[in-house]
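Coordinate analysis (summary)
Below are the chains, spelled out letter by letter.
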Amino acid sequence: MRTLLVLSFVTIALAGESALPDPLVTSAGKRVATAAEWPARQAELVELFAHQVYGRAPIGRPGGMTITVTEAASGVMDGAADRRQLRLAWKGPGGDGGMNVVLFVPTKREKPVGCFLLICNRPVENIDPTREKKSGFWPAEAMIARGYAIAAFHNAEVDPDKHDGFKDGVHGVFDEPGKPRADDAWATIAAWAWGASRAIDALVEQPGIDAKRIAVVGHSRGGKTALWCGAQDERVALTISNNSGCSGAAITRGKEGERVAKINASFPHWFTTTYKQWNERENDMPFDQHQLLASIAPRLVYVASATEDTWADPKAEFRACVEAAPVWALFEQRGFPVTTFPAPESPLHEGRIGYHLRTGKHDLTEYDWLRYADFADKYWK
Ligand code: GCU
C-alpha cells in the first residue's frame with residue numbers, strides 16, 4: 001500500500017487516512033500557480049507551523065547581542081584549518097544568557113567557502129574544539145578536507161532539554177516575567193532554532209565564510225530543529241534533517257513508529273500547547289510535515305533516513321520529500337524527481353531536495369556528512 005502511494009506521486013490517502021493538505025493551496029482555497037505568489041503562501045505555512053507545532057519566538061536578534069571572538073588560531077588540524085571560538089551574549093527582561101559557537105574554516109581557500117552548522121543535541125564532547133575527542137557526529141576533519149567550513153553549538157546552552165515550565169534557557173531570559181504563556185508560545189525546538197539563527201548571525205560575519213552558502217544540520221530532535229530554523233531563516237541555503245522522524249521530516253498521517261500523542265507525552269516541552277490537540281487526531285490536522293519541507297522552497301533541503309530507524313519511519317520521511325516537491329516546479333526547478341523508495345546507500349541528488357537511506361541505526365555518521373558534502377558540491381561548486 002505504502003509503495004503504491006509513493007509510486008503515484010499525487011496526493012492520495014492511505015486506507016484510513018485523510019488526504020494530505022496541499023502545500024500549493026492557500027487557506028482560502030486558492031491554488032498557487034506562479035513563483036510570484038509563493039512568498040505569501042510560504043509565510044502562511046510558516047505561520048501555520050508556528051501556531052500549531054513549534055511556537056512563536058518573542059524576539060529575533062536581540063538588540064545589544066554581542067559576538068566576541070574568544071579564540072582565533074590558524075593552522076590547526078595539521079595546518080588544514082583555522083579555528084575560531086565565538087561567544088554570543090544576550091540580555092532580556094528575565095536576565096541574561098549566551099552560547100558558544102566553534103568554527104573551523106579551511107586554511108587553504110581561494111574564496112569564501114560554504115559552512116555547515118550543526119545543532120548539537122549530543123554530549124558537548126562531540127563538538128570538541130581541541131579535537132582531542134573526535135566523533136562521526138561532527139566529523140570536522142572530513143568536512144575541512146572537502147573544502148567546507150564546519151561549525152557547531154550545543155543546544156542545551158540555548159535551552160536545557162527538560163520540562164521545567166519554560167523557566168530556564170532563553171525562555172527565562174526573553175519571556176516577560178509573570179506574564180502567562182500563550183498556547184502557541186515558543187517551546188524548546190523553537191528555542192533551539194532561534195539559537196541556530198543567532199549562530200548564523202555570528203557565522204556570516206566571520207572571515208572566509210560565504211554567507212550565501214550556510215547549511216544547518218540537525219540529527220533527530222536536532223533535525224526537527226534544523227527544519228524549523230530553515231523554514232523561518234532565509235539565510236539558510238541548505239536545510240538538513242538527519243533522522244528527524246515524528247514532527248520533523250516524516251509525514252504524520254499514516255506514520256509508523258512514534259506518533260503525535262507519544263511525542264507530546266514524552267517530550268511535552270518540545271512543542272506548543274496547541275500541538276497537544278492533535279493527539280490521536282492526525283487525520284484532522286490542517287497541516288502535515290511535507291508542508292514544512294515545502295515552506296523552505298525554493299532553497300535546498302536534504303532528508304536522510306536510516307534503515308533500522310523504524311521509530312522515525314524512513315518511508316514517511318521519503319514520502320514527505322515526494323509530496324513537498326511540486327512547490328519547486330513553480331521555480332522551474334526539479335524538486336524531487338523520484339517516487340520509488342531507494343535502496344540503502346543509493347543517494348538521490350537529482351533535485352533540489354536530496355535524500356538518502358543509510359544502512360544502520362538512528363545516528364548521524366560520517367557517511368551522512370559526506371553525502372551532505374556531495375549534495376553541496378553539486379549546487380555550490
Ligand atoms: C526520541 C524521540 C524522537 C527524537 C529522538 C532523538 O527517540 O522520541 O522524536 O527524534 O529521541 O532526538 O534522538
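Figured I'd write up the structure that's included with this text.

Rules used in this analysis
- Residues numbered from 1 in each chain as written.
- Predicted model: local features only at pLDDT ≥ 70, side-chain atom pairs only at ≥ 80, totals over all residues.
- Heavy atoms only, no water.
- Helix = DSSP H or I, 4+ residues; strand = E, 2+ residues; numbered from the N terminus.
- Contact = heavy atoms within 4.5 Å.
- Core = buried A, V, L, I, M, F, W, Y, C linked by side-chain atoms within 4.5 Å.
- Buried < 20%, exposed > 50% of the residue type's maximum accessible area, 1.4 Å probe, protein only.
- Pairing = 2+ DSSP bridges.
- Polar contact = N/O pair within 3.5 Å; in protein donor to acceptor, adjacent residues only side chain to side chain.
- Expected span 1.5 Å × (residues − 1).
- Axes fitted to C-alpha atoms, helices over the stretch in contact; angles between N-to-C directions.
- Left-handed = near helix turned anticlockwise from the far one by under 90°.
- Nonpolar A, V, L, I, M, F, W, Y, C, P; charged D, E, K, R; others polar.
- Phe/Tyr/Trp six-rings, centres within 6.5 Å; stacked < 30°, edge-to-face > 60°.
- Lys NZ or Arg CZ within 6 Å of the ring centre and 35° of its normal.

Before going further, it helps to spend a moment on the environment of Pro-21. Within the secondary structure layout, Pro-21 lies in the loop between helix H1 (2-8) and helix H2 (38-54). C-alpha of Pro-21 to C-alpha of Gln-291: the two residues are 270 residues apart in sequence and 8.0 Å apart in space. Contacts of Pro-21, omitting those with residues within four sequence positions, involve Arg-253, Met-285, Pro-286, Phe-287, Asp-288, His-290 and Gln-291.

Take the nonpolar core next. Membership of the largest hydrophobic core comes to 83 residues, with the highest contact counts inside it found for Trp-228 and Phe-336. Of all hydrophobic cores here, the second largest spans 33 residues; its members include Leu-238, Ile-240, Leu-364 and Trp-380.

Within strand E8 (residues 300-306), seven of the seven residues are buried, which leaves the element mostly enclosed by the surrounding structure. Pairing between strand E7 (residues 236-242) and E8: five bridges, direction parallel. Note that in E8 the partner of Ser-241 across the bridge is Val-303. The pairing of E8 with strand E9 (residues 353-358) spans six bridges and is parallel. Within E9, the residue paired with Tyr-302 across the bridge is Gly-354.

Cis geometry marks the peptide bond from Ala-297 to Pro-298, where omega comes out at 5°. Within the chain, Met-77 stands out as a residue other than glycine whose phi angle is a positive 50°. In this fold, Met-77 is placed in helix H3 (residues 76-79). Notably, Asp-313 is not glycine yet its phi reads approximately 75°, a positive angle. Given the relative accessible area of 4%, Asp-313 is considered buried.

All right, on to the side chain of Asp-82 then. On the secondary structure map, Asp-82 appears in strand E2 (residues 81-92). Separated by 2.9 Å, the side chains of Asp-82 and Thr-107 make a polar contact. If sequence neighbours within four positions are ignored, Asp-82 has contacts with Ala-73, Ser-74, Gly-75, Val-76, Leu-103, Phe-104, Val-105, Thr-107 and Arg-109.

In this model, helix H8 (residues 221-232) (twelve residues) spans 17 Å end to end at C-alpha, consistent with the 16 Å of a helix rising 1.5 Å per residue. For H8, the tally of buried residues reaches ten of twelve residues, placing the bulk of the element in the interior. Of the positions making up H8, those classed as buried are Gly-222, Gly-223, Lys-224, Thr-225, Ala-226, Leu-227, Trp-228, Cys-229, Gly-230 and Ala-231.

Turning next to the packing of H2 against H8. Following both chains from N to C, one finds H2 and H8 inclined at 145°, their axes separated by 10 Å at the closest point. In the crossing of H2 with H8, the sense of the turn from one axis to the other is left-handed. Side by side, H2 and H8 meet where Val-46, Phe-49, Ala-50 and Tyr-54 of the first sit next to Trp-228, Ala-231 and Gln-232 of the second. Within the contact of H2 with H8, the residues separate by chemical class into six nonpolar, one polar and no charged.

Okay, the packing of aromatic side chains next. Applying the stated criterion across every chain, the model contains 25 aromatic pairs. Relative to Tyr-275, the ring of Phe-271 lies with its centre 4.9 Å away and its plane at 50°, an arrangement referred to as tilted. Its relative accessible area of 0% is what places Tyr-275 among the buried residues. Arranged with centres 5.4 Å apart and planes meeting at 75°, the rings of Phe-318 and Tyr-355 form a pair that is edge-to-face. Residue Phe-318 is found in helix H11 (residues 314-324), and its partner Tyr-355 is found in strand E9; the two are separated by 37 residues along the sequence. Overall, Tyr-355 belongs to the buried group, its relative accessible area being 0%. Chaining the aromatic ring pairs together yields one cluster made of Phe-49, Tyr-54, Trp-228, Phe-267, Trp-270, Phe-271, Tyr-275, Trp-278 and Phe-287. The cationic tip of Arg-181 hangs over the ring face of Phe-166; the distance from NZ or CZ to the ring centre is 3.7 Å. Between Lys-381 and the ring centre of Tyr-148, over which it is positioned, the NZ or CZ distance is 4.5 Å.

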